[in-house]
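Now for the letters of each chain:
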Amino acid sequence: MSTGPVAVVAGGSRGLGLLIARELGRRGFTPVLWARDAGELDRAVVALADEGITAAGMVCDVRDHALVEEQVARVEDELGPIEVAVHVAGVIQIGPLDSLTRQHFEEAIDTMQWGPINLALAVVPGMRARARGRIGTIASIGGLVSVPHLLPYCTAKFGAVGFSTGLRAELAGTGVTATTVAPGLMRTGSHLRAEFTGDQPAEYAWFAPGASLPLVSMDAERAAVRIVRGILRGRTVVILTPLAKVGARVEGVAPATTAAAMSVLARLLPDGPGRPTETVEGRVARRRLRSPLVERLTVWGNRAAARNNEEPA
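Here's what I pulled together on the structure shown here. (Residues numbered from 1 in each chain as written. Predicted model: local features only at pLDDT ≥ 70, side-chain atom pairs only at ≥ 80, totals over all residues. Heavy atoms only, no water.)

A word on the sheet that holds strand 6 (residues 133-138). Pairing within the open sheet is parallel, and its seven strands lie in the order 3-2-1-4-6-7-11. Here the strands that pair on one side only, and so sit at the sheet edges, are strand 3 (56-59) and strand 11 (237-239). Strand after strand, the sheet turns through a mean of 20° between neighbouring axes, direction not considered. The pairing of strand 7 (residues 176-182) with strand 11 spans three bridges and is parallel. Directly across from T180, in strand 11, lies its bridge partner V237. (Pairing = 2+ DSSP bridges. Helix = DSSP H or I, 4+ residues; strand = E, 2+ residues; numbered from the N terminus. Axes fitted to C-alpha atoms, helices over the stretch in contact; angles between N-to-C directions.)

With respect to burial, strand 6 is a largely interior element, five of its six residues being buried. Both strand 4 (residues 82-87) and strand 6 contribute to a ladder of four bridges, which runs parallel. Across the sheet, A85 pairs through a bridge with I135, a residue of strand 6. Looking at chain direction, strand 6 and strand 7 are connected through six bridges and run parallel. Across the sheet, residue T137 finds its bridge partner in strand 7, namely T180. Between the parallel elements strand 6 and strand 7, the chain passes through helix 6 (residues 151-170) in a crossover that is right-handed. (Buried < 20%, exposed > 50% of the residue type's maximum accessible area, 1.4 Å probe, protein only. Right-handed = clockwise from strand over helix to strand, strands pointing away.)

The subject of this paragraph is helix 11 (residues 282-289). Every buried residue of helix 11 is listed here: G282, V284 and A285. In a view along the axis of helix 11, the buried residues occupy a sector of 155°, so they form one face of it. Those residues of helix 11 hidden inside the fold are in contact with strand 9 (195-196), helix 7 (200-210) and strand 12 (280-281). (Arc of directions from axis to C-beta. Contact = heavy atoms within 4.5 Å.)

Assignment of secondary structure puts T258 in helix 10 (residues 255-268). Using a relative accessible area of 8% as the deciding quantity, one classes T258 as buried.

Below, the structure written as structure tokens:
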């Protein structure tokens, strides 16, 4: 039985999703965590229970619209009406274009573009009938400014931003709001679960410190608080981190300047072998790199991974 209003968090078993679920639980909601890995879900539910938060875990692949609809119906039947739905599920693929395949793009788009669409289409009818509800889509600064070596990710996030923005307009006056969240880099520990192609150790060597260093990335727990507050207040857009705010503004007023800066960045990033390569998780690239310097630069991110269920069992 539900002990509070129900909040679905798609991708809530680890990282930012788990932190958002925790913040919702602290605000009196009953978080329902969705993810593809049952083991991760079990660990996340136990971690929340240790903090006094009653949560439920359900295996759900947001790429499967029929399963999403089925699980939404199950949640509302067993726990009560869904008051908040947040889509966090995602995959980060890092590497140059020539090392990528069509499959990388399909995986990114199915998860981070179709995922928010599938979730919203499933919860909107009930929310509109009740004349209340909050929908949050965790996009990225990569959905406002396309970053080199993150092309599948940015492609999907641009689509998510467009859908979430348009969804808000479609829901105007219904009592249901849609909030687009565009964070910059956050210390969630996701660099260990990101996927690397091309020269995997070299790609890890630039991405992992960027997702770990305090001056470049944001504390993920603080980000979760601001994200949940923005969604519950029905804000239109929530942009986090100073770099993300600057990037969004420059892109808006001087897109040519942003494009030039991204071109320079692309030339500074590692070269690939000129063909598709093996794709490995960050924890594998980390072992192959074996860099004491990178280990020192990622200590904050590695600690976050341990706290946020990002380390595989």
